[in-house]
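# Notes for the structure review
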Amino acid sequence: MLVLGNWKMNTGLAEAVRLASDVVHATADARADVGVCPPSVWLDAVAERVRGSRVGLGAQNVYPEASGAFTGEVSPGMLAEIGCRYVLCGHSERRAILGESSALVARKVAACLAASLTPVLCVGETLEERDGGQAETIVADQMTASLDGVDAPGSLVVAYEPVWAIGTGRTASPEQAQAMHAALRSRLTECFGTDGPAIQLLYGGSVKPDNAAELFGQPDIDGALVGGASLDAAGFAAIVAAAG
């Protein structure tokens, strides 16, 4: 099991350092793998707090080039050097607000794998797409497009986050989440053969301590990408504990 906290554009410096320290302490005895993804400006400070612990460092974004005239961007090599293990790629907020295409996301995934980072590919459908009855096909196609050109999955992780459940307090039912994860695992097997079933699939979208255990009890859910609840160390640790 893997539980990642996505802090998004939250926390000041002191708050980020304190939260990281609290997460390290609260998850010291966890059996699941744990990671936190702070804002990029706090990566260095958080790296100092999680170094030597079981908490892995993650970044919320990356640019798929090694260096160059890309003002404001951060390369895979920079993230690796600072101690990152995980990198979120294609979060729905970046797709919707910043216009990231699946083609760009695919380049990010490939660049992370080449730099020995673990890309966490985010996919999900809108409420309109779910109500249209084609959610599983739409999300599987989005995932396939976001892996275009990736020949081997390496350490790839896929996070399914229904857009309608992110930050809304609504959560896909365990049955809905399991059905989507099963469809994604089937597509990953089509894409990568025997390597496909081993790829970790995370659920995201208003994961909380009171619904985590039921979600984690589904056969194709291998953990969670946690948003708002990851900003509270005790609540995040409770989710981690529910993962086993």
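Everything here concerns the structure above.
The structure contained in this document is the topic of the report that follows. (Residues numbered from 1 in each chain as written. Predicted model: local features only at pLDDT ≥ 70, side-chain atom pairs only at ≥ 80, totals over all residues. Heavy atoms only, no water.)

## A word on the overall build of the chain
To be explicit about the condition: Strands are runs of DSSP state E lasting at least 2 residues, helices are runs of H or I lasting at least 4, and numbering of each runs from the N terminus. Computation of the radius of gyration draws on C-alpha atoms alone. For the globule rule, the value is 2.2 Å times the number of residues to the power 0.38. Relative accessibility thresholds used throughout: buried, under 20% of the residue-type maximum; exposed, over 50%; partly exposed, between the two (1.4 Å probe, protein chains only). What makes two residues a contact is simply this: any of their non-hydrogen atoms within 4.5 Å. Think of it this way: Lys and Arg go in the positive column, Asp and Glu in the negative one, and His and the chain ends go nowhere. For charged residues, the charge sits on one atom: NZ in Lys, CZ in Arg, CG in Asp, CD in Glu.
Summing up its helical and strand segments, the chain has 10 helices and eight strands in all. Taking 18 Å as the expected radius of gyration for a compact globule of 244 residues, we find that the chain reaches 17 Å, a close match to that expectation. Along the three orthogonal principal directions, the C-alpha set of the chain runs to about 45 × 45 × 35 Å. Looking at the chain as a whole, 52% of its 244 residues are labelled buried. Looking at the chain alone, contacts between residues at least 24 apart form 71% of all its contacts between residues at least 6 apart. Measuring between centres, the 16 positive side-chain charges of the chain sit 4 Å from its 28 negative side-chain charges.

## Section: the pattern of salt bridges
Using the following cut-off: Any Lys or Arg side-chain nitrogen found within 4 Å of a carboxyl oxygen on Asp or Glu counts as a salt bridge.
Enumeration over the complete set of coordinates arrives at 10 salt bridges. We note a salt bridge from Glu 65 to Arg 107, for which the minimum N-O separation is 2.9 Å. Residue Glu 65 is located in the loop between strand S3 (55-59) and helix H3 (76-82), and its partner Arg 107 is located in helix H5 (residues 102-114); the two are separated by 42 residues in the primary sequence. The class for Glu 65 is partly exposed, based on a relative accessible area of 33%.

## A closer look at the nonpolar core
Which entries qualify depends on this criterion: Nonpolar cores are built from buried Ala, Val, Leu, Ile, Met, Phe, Trp, Tyr and Cys residues. Side-chain atoms within 4.5 Å join them into one set.
Counting 62 residues, the largest nonpolar core has Val 109, Leu 147, Val 158, Leu 184 and Tyr 203 as the members making the most contacts within it. Leaving out residues up to four positions away in the same chain, Tyr 203 has contacts with Tyr 160, Pro 162, Ala 165, Thr 171, Ala 172, Ala 177, His 181, Leu 215, Ile 221, Gly 223, Ala 224 and Leu 225. If you look at the next biggest cluster of nonpolar residues, it comprises 11 residues, including Leu 2, Cys 37, Tyr 86 and Val 157.

## Notes on the packing of aromatic side chains
The following threshold applies: For Phe, Tyr and Trp, rings pair up if their centres lie within 6.5 Å, where Trp contributes its six-membered ring, and each pair is then called stacked (planes under 30 degrees apart), edge-to-face (over 60) or tilted (otherwise).
For the structure on display, the rule yields two aromatic pairs. Between Tyr 63 and Phe 70, the aromatic rings sit 4.7 Å apart at their centres with planes inclined by 35°, giving tilted as the arrangement.

## Topic: the packing of helix H9 (residues 209-216) against helix H10 (residues 233-242)
As a reminder of what qualifies: Here the axes come from fitting lines to C-alpha atoms, over the contacting stretch only for helices, and the angles between their N-to-C directions go from 0 to 180 degrees. Small angles under 35 degrees read as roughly parallel and large ones over 145 as roughly antiparallel, with 65 to 115 read as roughly perpendicular and the rest as oblique. Left-handed describes a crossing in which the near helix is turned anticlockwise from the far one by less than a right angle; the clockwise case is right-handed. Residues are sorted three ways: Asp, Glu, Lys and Arg are charged, Ala, Val, Leu, Ile, Met, Phe, Trp, Tyr, Cys and Pro are nonpolar, and all the rest, Gly among them, are polar.
Contact geometry for H9 and H10: axes closest at 8 Å, N-to-C directions at 20°. By the angle between their directions, the pair H9 and H10 is classed as roughly parallel. Both H9 and H10 take part in a crossing whose hand is right-handed. Here Pro 209, Ala 212, Ala 213 and Phe 216 of H9 come into contact with H10, specifically with Gly 235, Ala 238, Ile 239 and Ala 242. Tallied by class, the residues present in the contact of H9 with H10 amount to seven nonpolar, one polar and no charged.

## A closer look at the packing of helix H1 (residues 13-26) against H10
The description of two packed helices rests on the angle between their axes and on the distance between the axes. Between H1 and H10, the shortest axis-to-axis distance is 9 Å and the interhelical angle comes to 35°. Classified by chirality, the crossing of H10 by H1 is right-handed. In this structure, H1 uses Leu 19, Asp 22, Val 23 and Ala 26 to contact H10, whose residues at the interface are Ala 233, Phe 236 and Ala 237. A class-by-class count of the residues in the contact of H1 with H10 yields six nonpolar, no polar and one charged.

## What to know about H9
Within an α-helix, residues lying three or four positions from one another point in the same direction, as the helix has 3.6 residues per turn. Under the convention used in this document: The arc in question is traced by the directions running from the helix axis to the C-beta atoms.
Among the residues of H9, Asn 211, Ala 212, Leu 215 and Phe 216 are the ones counted as buried. Angularly, the buried residues of H9 cover 130° about the axis, an arc narrow enough to put them on a single face. Away from its buried face by more than 90 degrees, H9 exposes Asp 210 and Glu 214. For H9, the secondary structure elements touched by its buried residues are strand S1 (2-6), helix H8 (174-192), strand S7 (200-204), strand S8 (223-226) and H10.

## Here we look at the side chain of His 91
Within the secondary structure layout, His 91 lies in the loop between strand S4 (84-89) and helix H4 (92-98). Ignoring any residue separated from it by four or fewer positions in sequence, one finds His 91 in contact with Asn 6, Lys 8, Cys 122, Glu 161 and Ile 166.

## A short note on the side chain of Arg 187
The residue Arg 187 is located in helix H8 in this model. Apart from residues lying up to four places away in sequence, Arg 187 is in contact with Ala 140, Asp 141, Met 143 and Thr 144.

Worth remembering: the numbers are spatial, not functional.
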